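Structural features, examined
Spelled out, the chains give:
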Amino acid sequence: MKTIRILFSFIFPIFSEECCGGWRGRKAAEREANQHYTAVEGEMFLMPCTESVRRHDDVESCGTGEGAEGTSFDCGTKFSVEAKHSGKYTCSGSKFLFHLQVVKRSDSSLGCFLSEENSVELLNNEGGTVRCPGHTCSNNTDIVWYKDDEAVSVQKRSFCQKSGGLYFCKVTEHDTGVYFCDRQVLEQGVHWTLRRAVNVTVIPKEVSEPPRIRYPDGNVIEKVELGLPHVSECVVHFPFERNFSRKVLWYVSYGGKTENMTLLPMEKQEQMRQRSEFKVIRRVLIKKVTPEHLNQRLTCIASNHFGDRRGTIQLKVIGVKLSSLVGYPVASLLLVAGLGLVVHVKWLEIQLIYRSYFQHRKHDRDEKEFDVFLSCVWSAPSAEEERVLTVSSLRGPNGEEEACFSGGDLLPTREGVSTQRPLQVLLSQVLEDQWGYRLCLLERDVAPGGAFTNDVVLAIRRSRMLLCLLSAEYLSNSNAVFVLESGIQSSSLKVLVIWTGRASASLMQPDTSLPTLVRRALNVLPSLVWTSGQPSSTGFWRSLRKNMPEQSEGRRPRPDMTDVYDAARSCILHTEAVQR
């Protein structure tokens, strides 16, 4: 029977070539146009491409409307396959379509399954073999391997296939990647391509060496600032190990003794692959540097299976900051002491400034008998004043003596009319008769016969303001100075002084015997200046009015009347001249 078959093939070679060959070509085209793929859930899957697309480097998108609506991938795309990706895919721009069936790892169709078969480690510069997952459960050695979207058989890299496995004659770092193996499976008369993924990692050879500490290398001093956080880090290079044993720990020792070291709380160690070794960094955080940390030594210990290495760090305070630790408290103490001394020495001035400027009008509504206590020393007019007053007396209404006896109250004129009268008279007349203040004058409102000091203290208590007219006679009069001193010592009384030219000159004389309390107070008390013999402006009276307390209820300014004071004063002087 076998002989007949062989003879038949030699007799009809052309028939076999035309019929059988054409049939096989059509079948191959149909298989390429309509393929079935099986993938395992959770593994990487490579979207298949037609030969024409691979040849021309075109982009072809395949999508399905069954089971996974709207899902589409470009051919050659790698993705983690899931159950929802099952379906019938149609590729744009060609008649190529395929069915994708995603099965679970526990599916019986996979046969035996070992999870470690999905990843392989190969030693660099060595030979190695990659097996298709499930190869131990199947005797099918007709396997096609892919890297990316290209079969390894057509790549420039030299590969060898032995017993269905992919063999590398000499492994390089470029061989790292995801490889796919296609194995044909017949299921219910349908040929399925079972595509599995293998993750290949190229690793260097193990080196039997301990780690190398790059920092701290030996004994290192780090500068810190007390009271601030500080971070120290340990940088270590480990040789490659398959079995992970890299460990970096921080310890602290006291007084330079390494026998009793305490493990410190640390951050999680960071590691990164650098060719044939690993770089590991681990940090320790000191939240607040204290003087105790200066006596401690930080020790970094790095270890693996082949030994350990260590480096130490000593903390040292920056010199400038160390001096500031002593300087700041001392400076603060000196500042507080200096302020206390100034307040103690200048306490009188501080009280007077506060009473005069910050308690202004606070006590204006107090129920007092008098609004203003006017303190002055009455003095005889100077020769110049007498001359002016004499000339003024001769300019009466009729130029005769009858003008001396014209009727009317002795009231001052408007504030800006004349300055020839003594200021004592002007102040009493303006304050009491024109502005309506209740004025207290010792000569008028205090009964004679009492003790002078008691009368002054009582008058000050009964008044809301003390107004002192500082003349040369005032500053040399002990009773007048006592009045001013008593007003300064009062806690609620506002004091206002009016200077004359002669008064300020007298105060500046070196032999002035004023009390120290008065001299200090006169430097800060609110004051006005009056210059006799010059035309008065409204500025003085406006300033005086602003410093006055509010008027008491029931008192109203009297209406402005004809100025008869000059005439009366002239009459007096004229009479005295006639008598002489």
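Presented here is an overview of the structure given in this document. (Residues numbered from 1 in each chain as written. Predicted model: local features only at pLDDT ≥ 70, side-chain atom pairs only at ≥ 80, totals over all residues. Heavy atoms only, no water.)

**Digging into the nonpolar core**
Generally speaking, a soluble globular protein has its nonpolar side chains buried in company with each other. Let me state the cut-off plainly: In this description, a nonpolar core means a group of buried Ala, Val, Leu, Ile, Met, Phe, Trp, Tyr and Cys residues linked to one another through side-chain atoms lying within 4.5 Å. Three exposure classes are used, based on accessible area relative to the maximum for each residue type with a 1.4 Å probe and protein chains only: buried under 20%, partly exposed in between, and exposed over 50%. Helix and strand assignments follow DSSP, with helices taken as H or I runs no shorter than four residues and strands as E runs no shorter than two, numbered in order from the N terminus. Any two residues whose heavy atoms approach within 4.5 Å at even a single point are treated as in contact.
Of all hydrophobic cores here, the largest spans 29 residues; its most connected members are Leu470, Tyr474, Leu484, Ile488, Val497, Leu522 and Leu525. Broken down by secondary-structure element, the contributors of at least two residues to this core are α5 (347-358), α9 (452-461), β27 (465-470), α10 (472-476), α11 (478-489), β28 (494-500) and α13 (516-522). Ranked by the residues each element gives to this core, the list is headed by α11, at 5 residues. Beyond its immediate chain neighbours, meaning those up to four positions away, Tyr474 contacts Ser375, Cys376, Val377, Cys468, Leu469, Ala480, Val481, Val483 and Leu484. Core analysis: the second largest hydrophobic core is formed by 23 residues, Leu423, Trp435, Leu496 and Trp530 among them.

**A closer look at the environment of Gly227**
In this structure, Gly227 sits in the loop between β17 (219-224) and β18 (230-239). Taking the C-alpha atoms as reference, Gly227 lies 5.2 Å from Lys288; in sequence the two are 61 residues apart. Residues within four places of Gly227 in sequence aside, it is in contact with Lys288 and Val289.

**Concerning the state of the cysteines**
Filter applied, for reference: Any cysteine sulfur atom paired with another within 2.5 Å is treated as part of a disulfide.
This structure, assessed with the given rule, holds 2 disulfides. A sulfur-sulfur separation of 1.9 Å characterises the disulfide bridge that pairs Cys132 with Cys181. A torsion of 70° about the S-S bond marks the disulfide between Cys132 and Cys181 as right-handed. Taken together, the positions of Cys132 in the loop between β9 (128-130) and β10 (143-147) and Cys181 in strand β14 (residues 177-187) put the pair 49 residues apart, joining distant regions of the chain. In this structure Cys181 comes out as buried when scored by relative accessible area, which is 0%. Residue pairing for Cys234: its cysteine sulfur links by disulfide to Cys300, the two sulfurs lying 1.9 Å apart. Around the S-S axis, the bridge from Cys234 to Cys300 shows a dihedral of about -85° and counts as left-handed. Residue Cys234 is located in strand β18, and its partner Cys300 is located in strand β23 (residues 296-304); the two are separated by 66 residues in the primary sequence.

**Topic: the pattern of salt bridges**
Applicable threshold: For salt bridges, the criterion is a side-chain nitrogen of Lys or Arg within 4 Å of an Asp or Glu carboxyl oxygen.
In total, this model carries 12 salt bridges according to the counting rule given. For Lys84, the salt bridge is made with Glu82, and the minimal N-O distance between the two is 4.0 Å. Look at Glu82 and you get partly exposed, because its relative accessible area is 38%. A salt bridge links Asp445 to Arg444, with the nearest nitrogen and oxygen atoms 3.2 Å apart. Of the residues examined, Arg444 reaches a relative accessible area of 43% and is grouped as partly exposed. Each member of the salt-bridge network shares a partner with another, and the members are Glu233, Glu270 and Arg283.

**So, the sheet that holds β23**
What counts, and what does not: Strands are labelled as partners when DSSP assigns at least two bridges between them.
Pairing within the open sheet is mixed, and its 5 strands lie in the order β17-β24-β23-β19-β20. This sheet does not close on itself; its edge strands, each paired only once, are β17 and β20 (262-263). For strand β19 (residues 247-254) and β23, the ladder comprises 8 bridges, and the chain directions are antiparallel. Within the sheet, the bridge partner assigned to Trp250 lies in β23 and is Cys300.

**Comments concerning the sheet that holds strand β16 (residues 212-215)**
We count it as follows: Axes here refer to lines fitted to C-alpha atoms; in helices the fit is confined to the stretch in contact. Angles between the N-to-C directions go from 0 to 180 degrees.
Spatial strand order, β16-β18-β22-β21: 4 strands in an open sheet with antiparallel pairing. In this open sheet, the two edge strands, each paired with only one partner strand, are β16 and β21 (270-274). The mean angle between the axes of side-by-side strands here comes to 25°, regardless of whether they run parallel or antiparallel. Pairing geometry for β16 and β18, over 3 bridges, is antiparallel. Bridge pairing in β18 links Arg212 to His237.

**A closer look at the environment of Leu439**
Note on placement: Leu439 falls in strand β26 (residues 439-440). Linking Leu439 and Leu374, residues 65 residues apart in sequence, is a C-alpha distance of 6.8 Å. Those residues within four positions of Leu439 in sequence are excluded, and the remaining contacts are Phe370, Val372, Leu374, Ser428, Leu431, Glu432, Arg444 and Asp445.

**Focus: α11**
The condition that has to hold: What a helix should span is 1.5 Å times the count of its residues minus one. Pairs of N or O atoms are called polar contacts if they sit within 3.5 Å, as long as, within protein, a hydrogen donor faces a hydrogen acceptor (for residues adjacent in sequence, only side-chain-to-side-chain pairs).
A rise of 1.5 Å per residue sets the reference length of α11, with its 12 residues, at 16 Å; its end C-alpha atoms lie 16 Å apart and thus fit the reference within 8%. Within α11 the residues assigned to the buried category are Ala480, Val481, Val483, Leu484, Ser486, Gly487 and Ile488. At the N-terminal boundary of α11, the capping side chain belongs to Asn477, with an oxygen 2.9 Å from the backbone nitrogen of Asn479.

**Quick notes on the packing of α9 against α11**
The test is simple: Here is the rule for angles: anything less than 35 degrees is roughly parallel, anything more than 145 is roughly antiparallel, 65 through 115 is roughly perpendicular, and the remaining ranges are oblique. By convention, the crossing between two helices is left-handed when the near helix turns anticlockwise from the far helix through less than a right angle, and right-handed when the turn is clockwise. Side-chain classes are defined by residue name, with Ala, Val, Leu, Ile, Met, Phe, Trp, Tyr, Cys and Pro counting as nonpolar, Asp, Glu, Lys and Arg as charged, and the others, Gly among them, as polar.
Relative to each other, α9 and α11 sit at 40°, their axes nearing to 10 Å. Taken together, α9 and α11 sit at an angle that is classed as oblique. Every pair of crossing elements has a handedness; the one defined by α9 and α11 is right-handed. For the pair formed by α9 and α11, the contact residues are Phe452, Thr453, Val456 and Ile460 on the first element and Asn479, Phe482, Val483, Ser486 and Gly487 on the second. Taken together, the residues of the contact of α9 with α11 sort by class into 5 nonpolar, 4 polar and no charged.

**Re unusual backbone geometry**
Backbone torsion omega between Tyr215 and Pro216 reads 0°, so that peptide bond is classified as cis. Looking at where Pro216 falls in the secondary structure, it is placed in the loop between β16 and β17. For Asn125, which is not a glycine, the phi torsion comes out positive at approximately 65°. Along the chain, Asn125 falls in the loop between β8 (119-123) and β9. For Gln188, which is not a glycine, the phi torsion comes out positive at approximately 55°.

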